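A look at the structure
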Amino acid sequence: MAEQVFHHPDIYRIDIPLTGNPLKNLNCYVIQDGAESLVIDTGFRNEECLRTLMEGMAELGISLKHTKLFVTHLHSDHAGLAQYFDYPDTRIYMGQTEHRYLQKLMSGAIRGVRETMYLAEGYPPEKYYEADNKNPARVYMPNQEFAVTELQDGDEIQVGEVKVTALEMPGHTPGLMCCYLEKEKIMFTSDHVLFDITPNITNWPEMEDPLGHYLKNLDRILEYEVEYAFPAHRNLSYKTLQQRTGEIKQHHRKRLEEILEILRKRPGGAYEIAAGLTWSLRGKDWEQAPEKQKWFAVGETLSHLEYLMGKGKVVRKQKEAEGEVRNFYVAV
Ligand SMILES: [Zn+2]
């Protein structure tokens, strides 16, 4: 069902279920003005998401063959169904950095790099493969190329009379974009700022210091005048961006401090460090937590370690273990 979340211009939310995923849902937004529409994000490439999206769009009188689509970032819950919009009369918009990275992911070029990276952190190989094979990011990602109009930071899209500005805010992914409606003071925050959960900040092969970028872009988003923030998951904003970005920064500061504390006691690899951190692993401890949750936790730990290395607070060293080169980190 499409629920109207704003009037003049008309903005609707289609609540797309992400069954079995801790994120619970994706908020697909539709901006409609006159005969034009812009759909923001799609849901996973699976039956349930496609059906819900189609029903919502039908209710609003929008066809896949004649609309604009904005994909805020490469994650499958946002880009999963984009290929279904690939028609001569549609436009699929995506940031250039993000689109190029998605193409590399789809070609499988990044997979091996990440595998080598995680195994060097002491991730037990069989557990790594188990998590990797079940990762929804892979299972539900687009499986066909589609034509994309690539955007740069600050580019504008016109939807009827409505002007939408694309703002590149790397951190959660290498080139995530938020959509800003300056006149209406509306920000579609995508996964850059979420209100009920903390966006995952992981490491990305070929991207330096994602957490550093992320924290800078938490400050940058505050430079825009925003009265209504529309996040990509769960509930709409009930706090200001100022309040919420403050809480998220505090979360990362605590995590950085926690990692340093662990390393002051004992140097270790990212897998071992992740096991010692406090996570909300759905009420379970590390040993019993689902493998795919651990996979995210190790990525999150790596992005924090990289940040600490950039600040000169941690150094990475290497040693040999069972014939393999392993990374370990030492507090300076
Ligand atoms: Zn998401």
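Our structure's up above, just so we're on the same page.
Below or above, wherever it landed, is the structure these notes cover. (Residues numbered from 1 in each chain as written. Predicted model: local features only at pLDDT ≥ 70, side-chain atom pairs only at ≥ 80, totals over all residues. Heavy atoms only, no water.)

Another point: unusual backbone geometry. Trans is the common state for peptide bonds, and a negative phi is the common state for residues other than glycine. Cis geometry is adopted by the peptide bond preceding Pro9, which originates at His8 and carries an omega value of 0°. Looking at the element boundaries, Pro9 is found in the loop between β1 (2-6) and β2 (10-17). A positive phi angle, close to 70°, is found at Asp41, a residue other than glycine. Locating Asp41 in the fold gives a position in the loop between β4 (36-40) and α1 (47-59). (Helix = DSSP H or I, 4+ residues; strand = E, 2+ residues; numbered from the N terminus.)

Six octahedral donors around a metal ideally make angles of 90 or 180 degrees; four tetrahedral donors ideally make 109.5 degrees. Those donors, Asp77 (OD), His78 (NE2), Asp191 (OD) and His233 (NE2), are the protein atoms that reach the zinc ion, and they lie 2.0 to 2.4 Å from it. Metal-centred angles of 86 to 159° between the 4 donor atoms at the zinc ion mark the site as irregular. Along the chain, the residues donating to the zinc ion fall in the pattern D-H-x112-D-x41-H. Of the two residues, His78 is situated in helix α2 (residues 76-79) and His233 in the loop between β12 (228-231) and α8 (241-265); the sequence distance between them amounts to 155 residues. On the accessibility criterion, His78 (0% relative accessible area) is buried. Overall, His233 belongs to the buried group, its relative accessible area being 0%. (Donors = N, O, S within 2.8 Å, 3.2 Å for Na, K, Ca; no water. Tetrahedral: all angles 85-135°; square planar, octahedral: opposite > 155°, others 65-115°. Buried < 20%, exposed > 50% of the residue type's maximum accessible area, 1.4 Å probe, protein only.)

With that out of the way, let us pick up the packing of aromatic side chains. The relative placement of two aromatic rings is captured by the distance of their centres and the angle of their planes. A complete count under the given rule lists 16 aromatic pairs for this structure. With centroids separated by 5.4 Å and ring planes inclined at 85°, the aromatic side chains of Tyr101 and Trp204 adopt a geometry described as edge-to-face. Of this pair, Tyr101 sits in helix α3 (residues 96-107) while Trp204 sits in the loop between β11 (186-190) and α7 (210-221); the two residues are 103 residues apart in sequence, bridging distant segments of the chain. Residue class for Trp204 comes out buried when judged on its relative accessible area of 5%. Taken together, the ring pairs in this structure connect Tyr118, Tyr123, Tyr128, Tyr129, Tyr271, Trp286, Trp295 and Phe296 into an aromatic cluster. Above the plane of the ring of Trp204 lies Arg114, whose end atom (NZ or CZ) is 5.3 Å from the centre. Positioned above the aromatic ring of Phe328 is the side chain of Lys319, whose terminal nitrogen or guanidinium carbon lies 5.3 Å from the ring centre. (Phe/Tyr/Trp six-rings, centres within 6.5 Å; stacked < 30°, edge-to-face > 60°. Lys NZ or Arg CZ within 6 Å of the ring centre and 35° of its normal.)

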